[in-house]
Amino acid sequence: MRLGHDNLGLGLGLRTVHYRDILERQPKVDWFEIISENFIDSGGRPRYVLEQIAERYPIVMHGVSMSIGSTDPLDREYLDKLKRLARHVNARWISDHLCWTGVAGRNTHDLLPVPFNEQTLRHVTERIRIVQDILERPLVLENPSSYVTFADSTMPEWEFLTRMAEESDCGLLLDVNNVYVSSVNHDFDPHEYLDNIPHERVVQCHLAGHTNCGTYCIDTHDGRVIDPVWELYAKAHRFTGGISTLLEWDASIPPFDEVHAEVLKAKRYMGEQLPAAEPMAANASDSPPSGAHPLSEPVPHPLHHVAPEVA
Amino acid sequence: MSKGVPNMDQPRPDLVRIQRWMQSVISHPDGIEQGISSAEARAEIDVPLSQIEQVILPSQHNSSVDRLKVYGNAYYARLLECLRESFPVTAKMLGKETFDQFAFGYLQQFPSTSYTLGRLGDSFFDYLQQTRPDREQRAAGEISWPDLLIDLAHLEWTIEQVFDGPGVEHAAPLSVEQLAAIPVDRWEEARLVPVECLRLLKFSFPVNEYFTAVRNDESPPMPSPEPSWLGVTRRDYIVRRIPLSRPQYVLLSALQHGVTVGEAIERAAKEVDDLDRLAADLRQWFHQWAAAQLFARIEFAE
């Protein structure tokens, strides 16, 4: 139990292309994580599908628009909607990212980084407390992938996360792929990062693929998890003693069974064996795609657009 | 951590200024370098391009500007992709490059202000109307290709809103049998309340047929201007399109505005020459519309 939360096992991010498979076959997945913004306003098929899935599987809500680090006011209407949906689908917890998404009333729909310093720390911890009061539950915040470092930062990200979590009493969603991506982008040791976060506050782990652009990486969620990220996961598993684990796959999404097989690989890093009959795909390596041109094309994972069904 | 030392002689910008600065830099339509040099960015943090390392540090392999470009590239790419997905047939009609030009202009004039990308296209239809190149001719009543573009965008946005908006799947819309059971002497004073998800649209072009053809990967010629009317609703979580005649559109619009059936029929009658034919048609229309679950309930005056 971490901040009162159970280890839910190995889960998957719920994506539109897999709705039919999940509803018809009811696969043996331990739990699903939803993108909160895709459902809090839905009155159509997405909400209907979610309600059916929530009857059979534990649901965790993962958001991208709380903008906890923004200097704009918190969006109370948005938070109320999160709270209502969480009650409706019995969400086990609500998570978002340590980031800001916009300022001056705008939303860039990106997970933008904050400078890691005392001013930001005071700002973010105060807002986490407010959000937790509104939601009436601990908030769980994820370390995002980032691509710039502010000259105004005075501490490493792991120190900021640690102090933020302890001072606001929130939980952490440790995205080991993001740790890896940021370690490449910011020239730090990802293992040092993992060694220095408060292990007892880590409620959940994220796994994903990314795009290696040669001199930097982009968190694209469009492929398999690479070995160095699995190694970070193994370490997270050791220091937590087992944790709710989720695979995100948001672009070039393969069939459901392939995505499911990818998250099941996590068992290799828990000291457990998969059943002999279960297929084991090879791990991916981390090399730039041929012809990759730095600073072009790959885009960090977007929100999903749900295509309307029209007769 | 990355190399680079901030210039500590300068007062450090606070978080508000850093965020306003970064947002204006990464969303600048001409790119990161122009963004850093823009008046909007320099009003927040007055740092020239040559001294950008005072704000953003370089990494071992990438310059500060190149690092910011990751966010700059992603900003428009993500939002353009979202608009292309919201307006797939409009994008197909225009071609990706032309559609992106429209969408790029739109995003500058109407940047997202919502927590959800589901609202990103809210003003696209208005934007196309405001920026059409032939406003003077349109004001004089001329119909031309921008009207087709505007009609198509209007239809696609309506479909998107109806698909994920409130519906009647968990309600019991008025059935054909319930409609038939209304006493004849109470028919005129009755108010038929359309379902919440019904939208009534009027177009300058036969856009529904064009939409269907493009969606089916056909390459239809540009249609000639011709007024058309359409109902868009949802049943069993699927969006349904119901082609309407002008009298039908007028009748349903009147009901949507809350007038009695008698008053609505009077308004529709003004649109037809043959009243006997209308009287014969009305029974069939209401039957079809009830079967299509267009009415939520019937109300009578106390």
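Up top you'll find the structure we're talking about.
What this report covers is the structure whose coordinates are included nearby. The shown structure was predicted, so the numbers you read here are calculated from the model rather than taken from an experiment. (Residues numbered from 1 in each chain as written. Chains lettered and ligands numbered in written order. Predicted model: local features only at pLDDT ≥ 70, side-chain atom pairs only at ≥ 80, totals over all residues.)

1. Description of the interface of chain B and chain A
Thought 1: Listed per partner, the contact involves 60 residues of chain B and 55 residues of chain A.
Thought 2: Elements that contribute at least two residues to the side of chain B that touches chain A include exactly helix H1 (15-26), strand S1 (56-57), helix H4 (64-86), helix H9 (145-164) and strand S5 (238-244) of chain B.
Thought 3: Here the residues of the side of chain B that touches chain A are counted per class, giving 26 nonpolar, 19 polar and 15 charged.
Thought 4: Here strand S6 (residues 149-150) of chain A pairs with S1(B) via two bridges, running antiparallel. Bridge assignment links A:Thr149 to a residue of S1(B), and that residue is B:Leu57. (Contact = placed C-beta atoms within 7 Å. Helix = DSSP H or I, 4+ residues; strand = E, 2+ residues; numbered from the N terminus. Nonpolar A, V, L, I, M, F, W, Y, C, P; charged D, E, K, R; others polar. Pairing = 2+ DSSP bridges.)

2. Description of the pairing of strand S2 (residues 191-194) of chain B
Looking along a regular strand, one sees side chains alternate from face to face of the sheet.
Residue and element names in this part refer to chain B.
Thought 1: In S2, alternate side chains face the same way, and those of Leu192 and Pro194 are buried while those of Arg191 and Val193 on the opposite face are not.
Thought 2: Relative to strand S6 (residues 295-299), S2 is paired through four bridges, and the arrangement is antiparallel. Paired with arginine 191 across the bridge in S6 is glutamate 299. (Buried ≥ 20, exposed ≤ 12 C-beta atoms within 10 Å, placed from the backbone.)

3. Looking at the sheet that holds strand S4 (residues 94-97) of chain A
All names here are of chain A.
Thought 1: Taken in spatial order, the eight strands of this closed barrel run S1-S2-S3-S4-S5-S7-S8-S11, and their pairing is parallel. Here the average twist between neighbouring strands, direction ignored, is 30°.
Thought 2: One ladder, built from two bridges, connects strand S3 (residues 59-62) with S4; its direction is parallel. The partner of histidine 62 across the bridge, within S4, is serine 95.
Thought 3: Packing against the sheet, helix H8 (residues 227-240) makes contact with strand S7 (171-175) and strand S8 (202-208), and its axis sits at approximately 165° to S8. (Axes fitted to C-alpha atoms, helices over the stretch in contact; angles between N-to-C directions.)

4. Structural notes on the sheet that holds strand S3 (residues 199-203) of chain B
Residue and element names in this part refer to chain B.
Thought 1: Pairing is antiparallel in the open sheet, where three strands are placed in the order S3-S4-S5. Sheet topology places S3 and S5 at the edges, where each strand pairs with a single neighbour. Averaged over neighbouring strand pairs, the angle between their axes works out to 25° when direction is ignored.
Thought 2: Judged from the seven bridges that link them, strand S4 (residues 228-235) and S5 form a sheet pairing that is antiparallel. Of the residues in S5, the one forming a bridge with valine 232 is arginine 241.
Thought 3: Docked against the sheet, helix H11 (residues 207-215) engages S3, S4 and S5, running at close to 60° with respect to S4.
Thought 4: Contacts between helix H12 (residues 246-256) and the sheet are confined to S3, S4 and S5, with S3 contributing the most and set at about 140° to the helix.

5. What to know about the pairing of S3(A)
All names here are of chain A.
Thought 1: On S3, burial covers both faces: Ile59 and Met61 on one face and Val60 and His62 on the other are all buried.
Thought 2: Two strands pair when backbone bridges link them, and strand S2 (residues 31-35) and S3 are joined in this way by four bridges, in the parallel orientation. Residue pairing for S3: phenylalanine 32 is matched across the bridge by isoleucine 59.
Thought 3: As a crossover connection, the stretch from S2 through helix H2 (residues 45-56) into S3 is right-handed.
Thought 4: In this fold, the crossover linking S3 to S4 by way of helix H3 (residues 76-88) has right-handed handedness. (Right-handed = clockwise from strand over helix to strand, strands pointing away.)

6. Section: helix H6 (residues 96-109) of chain B
Residues and elements named next belong to chain B.
Thought 1: With 14 residues, H6 extends 20 Å from end C-alpha to end C-alpha; this agrees with the ideal 20 Å at 1.5 Å per step.
Thought 2: When we look at burial in H6, the residues that qualify are Phe99, Phe102, Ala103, Tyr106 and Leu107. On an axial view of H6, the arc spanned by its buried residues comes to 135°, and they lie on one face. Exposed positions of H6 whose direction lies more than 90 degrees from the buried face are Glu97, Thr98, Gln101, Gln108 and Gln109.
Thought 3: Residues of H6 that are buried make contact with H4, helix H5 (88-94) and helix H7 (124-130). (Expected span 1.5 Å × (residues − 1). Arc of directions from axis to C-beta.)

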